Amino acid sequence: MKIIVTDFDNKEHQLDAIEGWRVMEIIRDHGLPIKAECGGACCCATCHVYVEDEWLDKIPVARDDELDMLDEAVDVEDSSRLSCQLIMSAALDGLRVKLAPTG
Ligand code: FES
């Protein structure tokens, strides 16, 4: 299973992904620059990513607490998600996201 992450220099990284892990954890454990200050508790918005268009209708919809937290994020787009709230599964194999500014 893999995810593809575009970094701040527009460089793509193919990362091995493990079922059940948070997308944020996968990005962080591969050493890409994601702050994820709250460690995945949905209370910091520093794991903000943009989900590529073709994946938007394939990922689970955001819960209210994620949407509330995204309100605090910077440069929020329609494709914005908190990567700690995306749990890796076979359905997300090949997911493409782009790191978002976190202020
Ligand atoms: Fe803090 Fe995702 S790591 S909201």
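Cut-offs applied
Residues numbered from 1 in each chain as written. Predicted model: local features only at pLDDT ≥ 70, side-chain atom pairs only at ≥ 80, totals over all residues. Heavy atoms only, no water. Helix = DSSP H or I, 4+ residues; strand = E, 2+ residues; numbered from the N terminus. Buried < 20%, exposed > 50% of the residue type's maximum accessible area, 1.4 Å probe, protein only. Contact = heavy atoms within 4.5 Å. Areas by Shrake-Rupley, 256 points an atom, 1.4 Å probe, with all protein chains shown as cover. Lys, Arg positive; Asp, Glu negative; His and termini not counted. Charge placed at Lys NZ, Arg CZ, Asp CG, Glu CD. Core = buried A, V, L, I, M, F, W, Y, C linked by side-chain atoms within 4.5 Å. Disulfide = S-S within 2.5 Å. Pairing = 2+ DSSP bridges. Axes fitted to C-alpha atoms, helices over the stretch in contact; angles between N-to-C directions.

Our focus in this paragraph is the overall build of the protein chain. Helix and strand counts for the protein chain come out as two helices and five strands. Structurally, the protein chain occupies a C-alpha span of about 30 × 25 × 25 Å along its principal axes. Counting every position in the protein chain, which comprises 103 residues, the buried fraction comes to 44%. Sequence separation of at least 24 residues holds for 65% of the intrachain contacts in the protein chain that already meet a minimum separation of 6. Accessible area of the protein chain: about 5600 Å², with a carbon and sulfur share of 46%. Averaged over its 10 positive side-chain charges, the protein chain has a centre that lies 5 Å from the centre of its 22 negative ones.

Attention now moves to the nonpolar core. In terms of nonpolar packing, the biggest core is built from 29 residues, with Ile3, Val5, Ile27 and Leu95 touching the most fellow members. Those elements that provide at least two residues to this core are strand 1 (2-6), helix 1 (23-29), strand 3 (48-51), helix 2 (64-70) and strand 5 (95-99). It is helix 1 that contributes the most residues to this core, four residues altogether. Ignoring sequence-local partners within four residues, the contact set of Ile3 consists of His13, Gln14, Leu15, Ala17, Val23, Ile26, Ile27, Met88, Leu92 and Leu95.

Okay, the state of the cysteines next. This model, assessed by the stated rule, comprises zero disulfides. A disulfide-free cysteine, Cys42 has its sulfur positioned 5.4 Å from the sulfur of Cys84, the nearest such atom.

Before going further, it helps to spend a moment on the pairing of strand 2 (residues 12-16). Only one face of strand 2 is covered, namely the face carrying His13 and Leu15; the face carrying Glu12, Gln14 and Asp16 is uncovered. Joining the antiparallel neighbours strand 1 and strand 2 is a turn of five residues, in which Asn10 adopts a positive phi near 65°.

A few words now on the sheet that holds strand 3. If you walk across this open sheet you meet the five strands as 2-1-5-3-4, and the pairing is mixed. Edge positions in the sheet fall to strand 2 and strand 4 (80-82), since each of these pairs with one other strand and no more. Within this sheet the neighbouring strands show an average axis-to-axis angle of 35°, counted without direction. By the bridge criterion, three bridges tie strand 3 to strand 5 in an arrangement that is antiparallel. Note on strand 5: the bridge partner recorded for Tyr50 is Lys98.

Take the environment of Glu54 next. Within the element layout of this structure, Glu54 appears in the loop between strand 3 and helix 2. Judged by relative accessible area, which is 40%, Glu54 ranks as partly exposed. C-alpha separation for the pair Glu54 and Arg96, spaced 42 residues apart in sequence, amounts to 8.6 Å.

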